[in-house]
Structures are given as C-alpha cells and as structure tokens.
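Take a look at the letters that make up each chain.
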Amino acid sequence: MKNRYFFIILLFFYNICFSQEINKKYVENYYTKTVEYNKNQVDGKIVIEFENTIYALNDFLMGNPINAKYFGVKADGVSDDTKFLQLAINYCTQNGLTLFLPTGRIITTSEIDIKLNKNASTKFRLVGNGISNSVIINKGENTKIAINVMGNYYDMFSMKDFSIERVDNGKPTGGVGIKLNKLVYADFENIDVFRFNIGLILNDISSSSFRKVNARWGTIGAILTMEPNGMSNPNLIDFNSCIFNSNQEWGIKINNAHNVNFNSCLFEDNTKGGINLSYNNSNGAVSVNVRDSYFEGNSGYDIYLKSYGQGSHNFYGNTFNRVSNKKFTENNIYIEIDPSIPNVFENSINMEGNGFFSANTYQPSDKRKNVKIVSNNRKTNITDNNSYRNPIEK
C-alpha cells in the first residue's frame, strides 16, 4: 500500500514538472522577454507572465499578423468558434493589429461584430490564408448578419483571403454574409461569399476597392446603398475581376450609383439580371462605368439603369451573351430616363466596342432589342459603336 501511495505522489510531481517543461518550451518558442510591458498589461494572450517574468508574443513584437488560434479558435470544422473569434477581433481592433484566420473551417453560430477603433494608432486588418483554405462556416437560424463591420469613415480597413458560407442545403439562407458600414479608403481582396440571402451590403461606402470578391448562390449578390443619416451614396467604388453568379434575383443592386466602376467582372445565371442601378446626380455627374466585363445566361436584364438626374452612363468592351432558348434577357442594356428631369438637362449614354452575342438554340426576336433606351422625350445623347450578332435585335 505504501508503495502505491509513493507511486501516485511521484507521478503527480512528474506530471507537474513535465507540464511545466512543455509550457516553458512553448513560451521560449513563441514569446520574448520584454521590459516594455508590466503586470498590469498582462492579458494572457499577447502579453503573458511566466515565472515572474513578462513576455510578449513574437508575432506582436515583429508586427506580424496575430493568429486567431492564440485566442482559442480551433478551426476544426466541429467546434463552435464564435466566442473565441469575437474575442480575437475585439483585441485586435482595439490595438490596431492584423488578425490572421488560420487554415481550416471556422464555425460561427451568431453575428460577429467588428467595431473599428478610430483612435488606434495603426489600423485593423482581417486576413486569411486564401479562399479555399480559411473558411468561415455560419450555421443556425440566429444570424442576421454573419460579419458586421462598423466603421468611422477614415479607418483604412482591409479584409482579404478567406471565404464565408452557409451550410450547403441547396438554397440561400442566413441573412447577410458581410455588411460594411461607414467606410472610406477601404480595401477588399480575394473574398468569397456563398449562399446567403444577401451576400454583401455596402452601406455608406466611398473611395473603396473590391478585387476578386465573389457573391454567389444567394438571393441578391450585393446591395450598395446609403441608409438614413449616412454621408455618401455609393461613390467611387471599384470592382475588379469580381464574380456575381447564380443569384435568385440580382447579381448586384445599387441605389444612387456615382462613379461605380466594374472592370473584368462576371455576371452569370442571375434570375432577374446582372446589375440593377439607379442614379440621381447628387454626388457627381457619372453613374456607372462598365468595362471589359462578361454577361451570360442572365434572365430579365444584364444591366438595368434608371436615371433621375443629368449625367453620363458608360459601357465599354463588354460581352453580352444570350446562351439558349431557355437562358436569355429581355434586353441586355435597358436605360430609362425619368420624365421628371428638366428637359434642359442632358443624359449621355456612351457605348463603345460592346459585343452582343447569342449561341446554341437561342432564337432572335425583334421584341428583345439588345439595347433599349426609354428617353421620355428628355435630351439624350447616344453613342453606339457596338457589334451586334443579330440585326433584328440591334
């Protein structure tokens, strides 16, 4: 019996020593002794105390992105990481750090809030390891907005290299994928949003860029707007190499667009159409510039524009494809000038080098003009240097 108790006591002390050794190696590998921080600044994550000495995380000291795993995110596709991801975001936004989303499937079951800190000396960034590697999976029916970013206009916020999606049950669910509020000079790259009712909402956003940002298989891919008490309608926003496809309504809807630019973007298989926008001349004299983009298999309209003010609307080098007798638009480009515009004002519609194409079993019809412009007897200057496949639809 005495030998048994002795063995248990020995095993207890062995475990303590072994555990301490593991902790020591972990600290030595990932942390550095520092005199810049004191015990009052210990948070147990970035700044820790070990053996009465203060250490700081190496990535933090070197200005590298901070891995969300330091805050408890497992990214194993099983564990609910909502609480730990929110903890990581709160810490990094307050301290102006870059948060790294690790490779794996990060499960969230409710809203993640990103409240940007306008007083941080450096600016928060959210980055992953690529859209196929860092994937946020939002589950459950309690999510109105999966990621809700609340800015203060000049936050220089950026987000890149990850996916966010709902569980694939064949239809869009789960409210909004990502909502961006009150941002100027923001930058977004290589982000995929999949199967949300609304993929993206851009509220009160200006002077910002979106590169390789996809909104797919939702009800509406993206909405650009200014909610009440905002400062700016969608203004000076660039979409480059973005994809809006297979949405049950529109690829993208824009309320009062001003210099919104699409370059080399794809709009495909959207049930009501590709781009739906209005323009009211409140923030500038140009509504939209669509260049070198591809429209295929949409129903309704590839581009639907209604102008409520004097301005210019520009379309250059795009391809519009009616695919078959089951996939075709009523009009590729439909523009309506509102009759309330004073007739002394002029709208300018510029179309250069666009190609209107049809394929397979599609049957041309003179009831489906490629371009339809309803001017309501308002001054309208039209430049048309396009290539039309079917003369009766020209």
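Placed above this text is the structure.
Conventions and cut-offs
Residues numbered from 1 in each chain as written. Predicted model: local features only at pLDDT ≥ 70, side-chain atom pairs only at ≥ 80, totals over all residues. Heavy atoms only, no water. Phe/Tyr/Trp six-rings, centres within 6.5 Å; stacked < 30°, edge-to-face > 60°. Buried < 20%, exposed > 50% of the residue type's maximum accessible area, 1.4 Å probe, protein only. Helix = DSSP H or I, 4+ residues; strand = E, 2+ residues; numbered from the N terminus. Pairing = 2+ DSSP bridges. 1 Å grid on protein atoms, 1.4 Å probe; cavity = no way out; pocket = protein on both sides within 12 Å on 5 of 7 lines; lining within 4 Å. Points joined across faces, edges and corners; volume = space filled by probe spheres on them. Nonpolar A, V, L, I, M, F, W, Y, C, P; charged D, E, K, R; others polar. Contact = heavy atoms within 4.5 Å. Lys, Arg positive; Asp, Glu negative; His and termini not counted. Salt bridge = Lys/Arg side-chain N within 4 Å of Asp/Glu carboxyl O. Polar contact = N/O pair within 3.5 Å; in protein donor to acceptor, adjacent residues only side chain to side chain. Axes fitted to C-alpha atoms, helices over the stretch in contact; angles between N-to-C directions.

S.K.: Give a detailed account of the packing of aromatic side chains, specifying residues and quantitative values.
M.R.: According to the stated counting rule, one finds 22 aromatic pairs in the structure shown. When the centroid spacing of 6.1 Å and the interplanar angle of 55 degrees are considered together, the rings of Tyr26 and Tyr31 count as tilted. Residue Tyr26 is classed as partly exposed on the basis of its relative accessible area of 38%. Residue classification places Tyr31 among the buried residues on the basis of a relative accessible area of 7%. Residues Tyr37 and Phe60 carry aromatic rings whose centres are separated by 6.1 Å and whose planes lie at 55 degrees to one another, so their mutual orientation is tilted.

S.K.: Tell me what's going on with the pairing of strand E8 (residues 112–115), and back it up with residues and numbers.
M.R.: By the alternation rule, side chains of E8 split into Ile112 and Ile114, which are all buried, and Asp113 and Lys115, of which none is buried. In this sheet, strand E11 (residues 145–153) lies alongside E8 in parallel orientation, the contact comprising 4 bridges. Bridge assignment links Ile112 to a residue of E11, and that residue is Ile147.

S.K.: Residues and numbers for empty space enclosed by the protein, please.
M.R.: Tallied over the full model, the rule gives 4 cavities of 30 Å³ or more. If you add up the space inside the largest cavity, you get close to 60 Å³. Lining the largest cavity, in full, are Thr93, Leu116, Asn117, Ala120, Thr122, Lys123, Phe124 and Asp155. Class assignment for the residues of the lining of the largest cavity results in 3 nonpolar, 3 polar and 2 charged.

S.K.: Can you lay out the environment of Glu346 for me, pointing to particular residues and giving the numbers?
M.R.: Counting through the fold element by element, Glu346 comes out in strand E29 (residues 346–358). Residues Glu346 and Gly309 lie 37 residues apart in sequence; the distance between their C-alpha atoms is 8.6 Å. With residues near it in sequence (within four places) discarded, Glu346 still touches Gln310, Gly311, Lys379, Thr380 and Asn381.

S.K.: Outline the side chain of Glu296, listing residues and values.
M.R.: Secondary-structure assignment places Glu296 in strand E24 (residues 294–296). For the buried Glu296, no salt bridge exists, and the shortest N-O distance to an oppositely charged side chain is 7.1 Å, to Lys327. Of note is the side chain of Glu296, whose polar atom sits 2.8 Å from the side chain of Tyr294. In this view, Glu296 contacts Phe267, Glu268, Asp269, Asn321 and Val323; residues no more than four positions away in its chain are not counted.

S.K.: I'd like to hear about the pattern of salt bridges, residue by residue, with values.
M.R.: Under the counting rule described, the total for this entry stands at 12 salt bridges. Here Asp338 ties to Lys306 by a salt bridge, and the two come within 3.9 Å at their closest N and O atoms. Taken together, the residues span a long stretch of sequence, with Asp338 in the loop between strand E28 (329–337) and E29 and Lys306 in strand E25 (residues 300–307) at a distance of 32 residues. Beyond isolated ion pairs, a larger network of salt bridges with shared partners links Lys160, Asp187, Glu189 and Arg211.

S.K.: Can you break down the side chain of Arg195 residue by residue, with the values?
M.R.: Mapped onto the secondary structure, Arg195 falls in the loop between strand E14 (187–194) and strand E15 (198–216). Those residues in contact with Arg195 that lie beyond four places of it in its chain are Arg166, Asp168, Asn169, Gly170, Lys171, Pro172, Thr173, Arg216 and Trp217.

S.K.: Describe in detail the sheet that holds strand E1 (residues 31–33), supporting the description with residues and values.
M.R.: If you walk across this open sheet you meet the 3 strands as E1-E3-E2, and the pairing is antiparallel. Of all strands in the sheet, those with a lone pairing partner are E1 and strand E2 (47–50), marking the two edges. For this sheet the average axis-to-axis angle between neighbouring strands, irrespective of direction, equals 40 degrees. Relative to strand E3 (residues 53–57), E2 runs antiparallel, the two being bridged by 4 bridges. Counted as the bridge partner of Ile48 is Tyr55 from E3.

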